[in-house]
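Coordinates in review
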Amino acid sequence: MQNQATQSRAERALIRLLSAPRLVAVGSLLLYLCLHFAFSDSSRAGLFNYHMYLAEAFLNGSLSLVRQPPTTHDLSVFDGKLFLYWGPIPAVVLMPLVLLFGADWSDAWLTMGLGTLATTAIFSMLEVTKRLHGLSTSKSLLLTLAFGFGSPCLPLVLGGTVWHVSQLFTTL
């Protein structure tokens, strides 16, 4: 009887440990990194990081891009200036990162971070549901796994382009 009580306490401690959102975040980020290096084409990552170029433009007080990116596919040209037709919110959020690191880093890292945040947010919402409606931790973890690795979230995370960044920001 005492062994069973000890085992259930250990199981409860393990469930509490596994249900922590930070562990879900670390686990999903590690899996995304492994999948990125195994299956993604890193050579094209960074070609379409237009949100970072727009953040750089905002930091310089301009609505048009202040530098021409490596490719201008899908940019709007008006009066000789390049504009984005995507919403400005990702660029506004990225302004501190662009200020610290510049605009020339790969957006594949950004999409992995956004995917990790989205997966962690889903898990956190499921944990609230668990408390309100009796959803078990194992079901929360399975649903989080299904979202992070069995939904459109996975190709968005591995894509690393302006379109993927916009969609992941929308998910958040």
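Heads up: these notes are all about the structure in this document.

Quick notes on the rules
- Note that residues are indexed from 1 along each chain, following the sequence as it is written.
- Only residues with pLDDT of at least 70 get local features here, since the model is predicted, and only at 80 or more are side-chain atom pairs given and counted; chain-wide, interface and lining totals rely on the full set of residues.
- Calculated side-chain values reflect all of the structure's heavy atoms, with hydrogen atoms and water omitted.
- Counting from the N terminus, the helices are the DSSP runs of H or I reaching at least four residues and the strands are the DSSP runs of E reaching at least two.
- For Phe, Tyr and Trp, where Trp contributes only its six-membered ring, two rings pair if their centres lie within 6.5 Å, and the inter-plane angle classes them as stacked under 30 degrees, edge-to-face over 60, or tilted in between.
- Each residue gets one of three labels from its accessible area relative to the maximum for its type: buried under 20%, exposed over 50%, partly exposed in between, using a 1.4 Å probe on protein chains only.
- Polar contact is the term for a pair of N or O atoms within 3.5 Å; when the atoms are in protein, one must be able to donate a hydrogen and the other to accept it, and sequence-neighboring residues count only if both atoms are side-chain atoms.
- The contact criterion used throughout is that any non-hydrogen atoms of two residues lie within 4.5 Å.
- By convention in these notes, a salt bridge is any Lys or Arg side-chain nitrogen within 4 Å of a carboxyl oxygen on Asp or Glu.
- Axes here mean lines fitted to C-alpha atoms, for a helix over just the part in contact, with angles spanning 0 to 180 degrees between N-to-C directions.
- Angles are sorted into four bins: roughly parallel if under 35 degrees, roughly antiparallel if over 145, roughly perpendicular if 65 to 115, and oblique for all others.
- Left-handed describes a crossing in which the near helix is turned anticlockwise from the far one by less than a right angle; the clockwise case is right-handed.
- Each residue receives one of three labels: charged for Asp, Glu, Lys and Arg, nonpolar for Ala, Val, Leu, Ile, Met, Phe, Trp, Tyr, Cys and Pro, and polar for the others, Gly being one of them.

Quick notes on unusual backbone geometry
Here Asp74, not a glycine, exhibits a phi torsion of approximately 70°, which is positive. Mapping Asp74 onto the fold places it in the loop between helix H3 (50-59) and strand E1 (76-78). Of note, the phi angle at Asp79 is positive, near 55°, even though the residue is not glycine.

Side note on the packing of aromatic side chains
What the rule picks out here adds up to 7 aromatic pairs. A ring pair is formed by Phe48 and Tyr50, whose centres lie 6.0 Å apart and whose planes are at 90°; its orientation type is edge-to-face. Accessibility expressed as a relative area gives 0% for Tyr50, which makes it buried. Summarising the aromatic geometry, the rings of Tyr85 and Trp86 are spaced 4.3 Å apart at their centres and angled 25° between planes, so their arrangement reads as stacked. Classification of Trp86 as buried rests on a relative accessible area of 13%. Taken together through their ring pairs, the aromatic side chains of Phe48, Tyr50, Tyr85, Trp86 and Trp163 make up a single cluster.

A short note on the side chain of Ser28
In this fold, Ser28 is placed in helix H2 (residues 21-39). Classification of Ser28 as buried rests on a relative accessible area of 4%. Only 3.1 Å separates the side chain of Ser28 from the backbone oxygen of Ala25, close enough to count as a polar contact. Those residues in contact with Ser28, other than ones at most four positions away along the chain, are Thr116, Thr119 and Phe149.

Considering the environment of Ala57
Tracing the chain through its elements places Ala57 in helix H3. Spatially, the C-alpha atom of Ala57 lies 9.8 Å from that of Ala103, the residues being 46 residues apart in sequence. In this view, Ala57 contacts Ser62, Ser64, Leu65 and Val66; residues no more than four positions away in its chain are not counted.

Topic: the pattern of salt bridges
Where side chains of opposite charge bring their charged atoms close, a pairing between them can arise. Applying the stated criterion across every chain yields a total of 2 salt bridges. Between Arg67 and Glu56 there is a salt bridge, and its shortest N-O distance comes to 3.0 Å. Taken together, the residues span a long stretch of sequence, with Arg67 in the loop between H3 and E1 and Glu56 in helix H3 at a distance of 11 residues. Looking at Glu56, the relative accessible area reads 16%, which means it is buried. Between Asp104 and Arg67 there is a salt bridge, and its shortest N-O distance comes to 3.0 Å. One end of the pair, Asp104, is in the loop between helix H4 (89-101) and helix H5 (107-133); the other, Arg67, is in the loop between H3 and E1, and 37 residues separate them in sequence. Where salt bridges share partners, they join Glu56, Arg67 and Asp104 into one cluster.

Thoughts on the packing of H5 against helix H8 (residues 162-171)
The geometry of H5 relative to H8 is characterised by a closest axis approach of 9 Å and an angle of 20° between their N-to-C directions. In terms of axis orientation, H5 runs roughly parallel to H8. Along this stretch, H5 crosses H8, giving a crossing that reads as left-handed. Of the residues in H8, those touching H5 at Asp107, Leu110, Thr111, Leu114, Gly115 and Ala118 are Val162, His164, Val165, Leu168, Phe169 and Thr171. For the contact of H5 with H8, the class distribution of residues is 7 nonpolar, 4 polar and 1 charged.

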